[in-house]
Amino acid sequence: MIKFTAVTKKYKDITPLDNFSMEISAGETVILSGRSGSGKTTVLSLTAALTRPTSGSIEVNGRQTAKLPEEFAALFRRESVGMIFQNYNLLPNLSAIDNITIPLLPTKITMKQQNERACVLMEKLGIADKAKTAVNRLSGGEQQRVAIARALINNPPVILADEPTSSLDAKLTDTLLEIFAAMKAEGKTLLIATHDRAVAESGIADRIIGIEK
Amino acid sequence: MSFLIPDIFVQLVLYSVMIFFLCISLFVGIRVILHWDISDTSETQYVLEKHTYLVSVLMKYIFAVNIPAFIIFIYANDKLSAYLTGAMCAAGVLNATIYGKYLMGLKIINLYLSAAWLTVNSFDLKNEALPFTYTKFSIIPLFFATFIAEAVLFVLHFASIDPTVPVSCCNVIFADNTSIFRTFISDNAIYLFAGSFALTVLNYSRPVIYGAANILLAVSGIAVLIYKVSPYVYELPTHQCPFCILQSGYGYVGYAFYITLFTGTALGISAGFQKLISGIAPKKMFFYSMLFNIAYLLLCAWFPLSYFFRNKTWL
Amino acid sequence: MKAGLLEFALCSMAGRRSKFIFVYIILSLLMILCFSVFFVTASLRAESSYTADALPDISVTMNKGGRNELISTSRIEDIILLPGVKYAEPAYFGLYRFDYLKANLTVVGIDPFAEQYSEAFENAVEQNKNILSHDRWMITGQKLAETIDAIYNKKAFSFSQPDGNYIELPIVGTFAPQSQMMSASAVLTDVQSAKEILGIPDGKAVQISVYTGNPEETDTIAQKIAAMFPDTKVETKEIKQTAVSNLFDFSSGIFMLVFAVSLFTFFIIVFDRASGLNMEERKEIAVLKAVGYTPSDIITVRFYETLITAVSAFITALPVAMFYVYGLQAPFLKSIFIGFSYIRPEFILPFVFPAKEIALTFMVTVPVYAASIIIPAWKASITDAQESLR
Ligand SMILES: Nc1ncnc2c1ncn2[C@@H]1O[C@H](COP(=O)(O)OP(=O)(O)OP(=O)(O)O)[C@@H](O)[C@H]1O
Ligand SMILES: [Mg+2]
């Protein structure tokens, strides 16, 4: 499902990834662990084709993504990958439901269907009553669930999460783990970058991949 | 002086913007010709890819602006005919300087050229290997040259119009039968047009031939309009002119003729071209091309037929 | 057209309101300027084509050392003998200063028994048959008749002659020319009265009006007259009309230059403003890219924003300019076009629907605005999302 072969990623003076390889099969849930600055976020970005590797090849969901032109990389992302960011990255001016439907706006899906899909997801995640609220007035946990709904709205086979628990308390962390477990049950491939022990010890992961330089 | 007339001035403004954009395109084009290598993973190639994308946006802009600019151009020439002794319509004004004819020709060529470029472009962008990027950018210097030539001719044409010199107009220009070629075209316009139309219909399912037949159709369509249809619009057998039909006296019907003919044939040619280079036939384009061509045919038939039913005789 | 992206563009604009309001105001002002100049020219051009109806095919005036002088009517006999000349007659017209209104009246002497070559005068004589029974009479344009009636409350008007004497003429009727200028200022009167009011001695005229049978020959005949009388200025109707038209085009051309400079400045400002993305905008684009927006989707959003701004500016500018030109009678602009130099008769700008002018304004402002955002939009669409999301 996700396969990195001898991937090197260089920034001007830093090389966070050097000849890195990994393979994750479909439906697996994998935790990516490592020190701060070890390149976890970089791996997620590469998987989502948000950036290109300096060398090496990447295959995600049967596609070679290392050299995709921008336009195709975006389409690939739309179809195959849902991303959940550490700081949620919601658009503050929009309501919860508008944030969730953003990925669908350029598609041919009608407005009505878009809203229906969003409602179903919000129901599942327990934020249905917040649909019309501006996201900057939601609590941190609610914001994160909006971000999760946005990542799921295109029904992508791969979900990437970057430090999902870093700003959550223990109780919210448990709820999040339940959500992840539900995703796993649906057969999604999950790649979670974290150094939170609670996640590692919860037993949700099939495997832990450590990145060290 | 004439550059300050609003219609001409607007065109100068549009030319400046388009030339600015074409300079950027040329700059990118040269770098693509020198350095393009899709298999290269270096940062330079990646940046170059992003720049090629800019050029395709700029070319879309140029095409979108060029069409109304063309209409303003015809309109401006038409309006200037009021100032020139002897000129009744744009034909007289275009013929008033030695540049007019070539300017008109280049404008049409450039329109078709940019339409063709955009067709290749849309194909290129549909394939993630960007197989036609090199091809389309090798056309850019050519397009740049023809476009600059057009702009230069534009300035020369309007700068050298002299309102004190009498000119000849359409009745003289298009009735001129000293050239055998022209006489042949004018005598056989109907057959040529009918022939090319039949060719397009018969080859509707053979995309490449259909595209080629559309080139014939564009040319013979203009010929039949000048020599056979326009006299019925004017209801005057001696008046053969492709420009007077654009005037208010004839309800601006000329614009309908040209828009249907250009849309139909440009779509047809592009579609054939796409099939040729990519092997995929864009069904919708063929359909719309055919639709517009039929509309043109009906438009051409309407004027003679309605004249015949009213007067029980042909011109 | 992607409805979703259009709606998104609207929301996103609401979030960056001040940026768009600024562009919207400048663009509206530019469009108002362009519309107003075009509308005034279109209206004046229509007006001048109505007045041109009163022009003879060829007018012959006396011109010595650049001074216009009266021409002696004896020359008519030579002119009328030229082949192709259908008719030649002396013309008596001039301006009369009407102090009360601080305006000039145009006094024209006409012979009701002769054929009228102007449609407006022809109608005037037709509709006022009673003038034939008067020795001295005047017919005024409708607007002027109303004005005089309002001031003096009587159907007569006293003219002061150059020698200080007064001459009172009964207003026997009115006429309604298409030209607003004529309607507000024309006084048609019998030839004798016209000569007295304007101080034209016997045997002289303001110009000799020549009518030709065949328009093709007009130029040749004009050349012959010029050769015959080197001290005259000979002008054909066509040349006079072209001169007027050129004058308008030239004045509007000057505005076009001003306009071009403003447009260029506008281009630079918008280009600059659109290029500089702040953190928030950068982040917004990065988020869009991360959720699968292609560069063309992002450019499409920008394009819709431009379109919305341009259309709103257009919708604002059009009625404002219409009101300024036709409602307020284009204060300031109108004076520039018809000249401050001497007081012309006041007249209302005739309404012509300026379809062409609207199209031209659209074609010069919107593409320039669109051009100024293309490169910034592209730059935004290729920003490095990974970097902005860190
Ligand atoms: N766009 C960039 N330009 C330059 N350097 C970058 C860029 N992105 C990441 N880096 C550098 O690459 C290294 C790896 O960064 P990355 O964000 O992948 O680490 P991380 O493992 O996610 O760390 P953390 O746990 O703190 O989030 C860091 O040293 C970082 O400074
Ligand atoms: Mg990180």
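Keep in mind it's a predicted model, so treat the numbers as computed, not measured.

Some thoughts on the side chain of Thr 236 of chain C
Residues and elements named next belong to chain C. Here Thr 236 lies in strand β12 (residues 232-236). Taking relative accessible area as the criterion, Thr 236 reaches 5% and is therefore assigned buried. Not counting residues up to four positions away in its chain, the partners in contact with Thr 236 are Asp 57, Ile 58, Thr 218, Asp 219 and Ala 222.

Side note on the environment of Val 368 of chain C
Looking at the secondary structure, you find Val 368 of chain C in helix α13 (residues 355-381). A relative accessible area of 4% places Val 368 of chain C in the buried class. For Val 368 of chain C and Leu 263 of chain C, which are 105 residues apart along the polypeptide, the C-alpha to C-alpha distance reads 7.6 Å. Every residue in contact with Val 368 of chain C, bar those within four places of it in the chain, is listed here: Val 13, Val 17 and Tyr 61 of chain B together with Leu 263 and Phe 267 of chain C.

Re the sheet that holds strand β7 (residues 158-162) of chain A
Residues and elements named next belong to chain A. Pairing within the open sheet is parallel, and its five strands lie in the order β6-β7-β8-β3-β9. Each edge of the open sheet is held by one strand with a lone partner, namely β6 (81-84) and β9 (207-210). Within the sheet, the average angular offset between the axes of one strand and its neighbour, ignoring direction, is 20 degrees. Most of the contacts of helix α6 (residues 170-185) go to strand β8 (residues 189-193), to which it runs at about 150 degrees, and overall it touches β3 (29-33), β6, β7 and β8.

Regarding the domain arrangement of chain B
Residues and elements named next belong to chain B. Along its sequence, chain B is carved into domain 1 (1-168) and domain 2 (171-315). Between domain 1 and domain 2, the residue contacts involve 23 residues of the former and 21 residues of the latter. For the pair domain 1 and domain 2, the summed buried area comes to about 1,800 Å², and 78% of that belongs to carbon and sulfur atoms. Inspection of the domain 1/domain 2 interface yields zero salt bridges.

A word on unusual backbone geometry
Residues and elements named next belong to chain A. The phi torsion at Tyr 88 lies on the positive side, around 65 degrees, for a residue other than glycine. Position of Tyr 88 among the secondary structure elements: in the loop between β6 and α3 (96-101). Relative accessible area serves as the criterion here: at 8%, Tyr 88 is assigned to the buried category.

What about the packing of aromatic side chains?
Tallying each qualifying case throughout the model produces 37 aromatic pairs over all chains. For the pair Tyr 15 of chain B and Phe 154 of chain B, a centre-to-centre distance of 4.9 Å together with 55 degrees between the ring planes defines the contact as tilted. Placement of the pair is Tyr 15 of chain B in helix α1 (residues 6-35) and Phe 154 of chain B in helix α5 (residues 133-159), with a sequence separation of 139 residues. Phe 154 of chain B matches Tyr 15 of chain B in its accessibility class, with the two residues each being buried. With centroids separated by 5.2 Å and ring planes inclined at 90 degrees, the aromatic side chains of Phe 314 of chain C and Phe 362 of chain C adopt a geometry described as edge-to-face. Here the residue Phe 314 of chain C occupies a position in helix α11 (residues 295-327), and Phe 362 of chain C occupies one in helix α13, the gap between them amounting to 48 residues. We classify Phe 314 of chain C as buried; its relative accessible area is 15%. For Phe 362 of chain C, a relative accessible area of 34% gives the class partly exposed. Directly above the ring of Phe 73 of chain B sits Lys 107 of chain B, whose terminal nitrogen or CZ lies 4.7 Å from the centroid.

Brief notes about the pattern of salt bridges
Side-chain pairs of opposite charge can arise where the charged atoms are in close proximity. Taken as a whole and assessed by the stated rule, the structure comprises 25 salt bridges over all chains. A salt bridge links Lys 130 of chain A to Glu 142 of chain A, with the nearest nitrogen and oxygen atoms 3.7 Å apart. Note that Lys 130 of chain A is positioned in the loop between α4 (111-125) and α5 (140-152) and Glu 142 of chain A in helix α5, a separation of twelve residues in sequence. Lys 195 of chain C serves as the salt-bridge partner of Asp 202 of chain C, at 3.0 Å between the closest nitrogen and oxygen. The buried category is assigned to Lys 195 of chain C, whose relative accessible area is 10%.

Comments concerning the interface of chain C and chain B
Listed by partner, the interface residues are 31 residues for chain C and 28 residues for chain B. Interface area for chain C against chain B, summed over the two sides, is near 2,600 Å², with a carbon-plus-sulfur share of 79%. On the chain C side of the contact with chain B, Met 363, Ile 374 and Trp 378 of chain C bury the most area, a combined 22% of that side's loss. For the pair chain C and chain B, the number of links is one salt bridge. Asp 7 of chain B is paired through a salt bridge with Lys 356 of chain C; the nearest N and O atoms lie 3.5 Å apart. The tally of links from chain C across to chain B stands at five residue pairs in polar contact (both at pLDDT 80 or more). At the level of elements, α2 (17-52), α9 (237-275), α11 and α13 of chain C are the ones that each hand at least two residues to the side of chain C that touches chain B. Along the lines of polarity and charge, the residues of the side of chain C that touches chain B split into 20 nonpolar, six polar and five charged.

A short note on the nonpolar core
The biggest cluster of nonpolar side chains holds 143 residues, and the ones touching the most others in it are Phe 21, Met 59, Tyr 61, Cys 241, Phe 243 and Phe 257 of chain B together with Phe 39 of chain C. Per element, the largest residue contribution to this core is 18 residues, and it comes from helix α2 (residues 43-80) of chain B. Once residues lying within four places of it in the same chain are set aside, the contact partners of Phe 39 of chain C are Leu 318, Ala 321, Met 322, Val 325, Tyr 326, Pro 354, Glu 357 and Ile 358 of chain C. Ile 24 and Phe 76 of chain A together with Leu 5 and Ile 285 of chain C belong to the second largest nonpolar core, which has 51 residues in total.

Topic: the site of ligand 1
Near ligand 1 there are 15 residues, and of these Ser 36, Gly 37, Lys 40, Thr 41 and Thr 42 of chain A occur at the shortest range. In this structure ligand 1 sits where residues from chains A and C come together. In the environment of ligand 1, an oxygen atom lies 2.8 Å from a nitrogen or oxygen atom belonging to the side chain of Lys 40 of chain A. One nitrogen or oxygen atom from the side chain of Thr 41 of chain A is found 2.5 Å from an oxygen atom belonging to ligand 1. If you list the elements that add at least two residues to the shell around ligand 1, you get α1 (40-47) of chain A together with α14 (385-388) of chain C. Residue contributions to the shell around ligand 1 peak at three residues, all from α1 of chain A.

Looking at the environment of His 157 of chain B
All names here are of chain B. Inspection of the secondary structure assignment puts His 157 in helix α5. As for His 157 and Pro 6, which are separated by 151 residues in sequence, their C-alpha atoms are 16 Å apart. The contacts of His 157, once residues within four sequence positions are left out, are Asn 77, Val 93, Leu 94, Thr 97, Tyr 99, Gly 100 and Leu 103.

Topic: the sheet that holds strand β4 (residues 55-60) of chain A
Residue and element names in this part refer to chain A. The strand order β2-β1-β4-β5 describes an open sheet built from four strands, whose pairing is antiparallel. Each edge of the open sheet is held by one strand with a lone partner, namely β2 (17-24) and β5 (63-64). The sheet contact formed by strand β1 (residues 2-9) and β2 spans five bridges and is antiparallel. The partner of Val 7 across the bridge, within β2, is Phe 20. Packing against the sheet, α1 makes contact with β1, β2 and β4, and its axis sits at approximately 120 degrees to β1.

Cut-offs applied
Residues numbered from 1 in each chain as written. Chains lettered and ligands numbered in written order. Predicted model: local features only at pLDDT ≥ 70, side-chain atom pairs only at ≥ 80, totals over all residues. Heavy atoms only, no water. Helix = DSSP H or I, 4+ residues; strand = E, 2+ residues; numbered from the N terminus. Buried < 20%, exposed > 50% of the residue type's maximum accessible area, 1.4 Å probe, protein only. Contact = heavy atoms within 4.5 Å. Pairing = 2+ DSSP bridges. Axes fitted to C-alpha atoms, helices over the stretch in contact; angles between N-to-C directions. Domains from an automatic or database assignment. Buried area = accessible area lost by both parts, 1.4 Å probe. Salt bridge = Lys/Arg side-chain N within 4 Å of Asp/Glu carboxyl O. Phe/Tyr/Trp six-rings, centres within 6.5 Å; stacked < 30°, edge-to-face > 60°. Lys NZ or Arg CZ within 6 Å of the ring centre and 35° of its normal. Polar contact = N/O pair within 3.5 Å; in protein donor to acceptor, adjacent residues only side chain to side chain. Nonpolar A, V, L, I, M, F, W, Y, C, P; charged D, E, K, R; others polar. Core = buried A, V, L, I, M, F, W, Y, C linked by side-chain atoms within 4.5 Å. Near = heavy atom within 4 Å.

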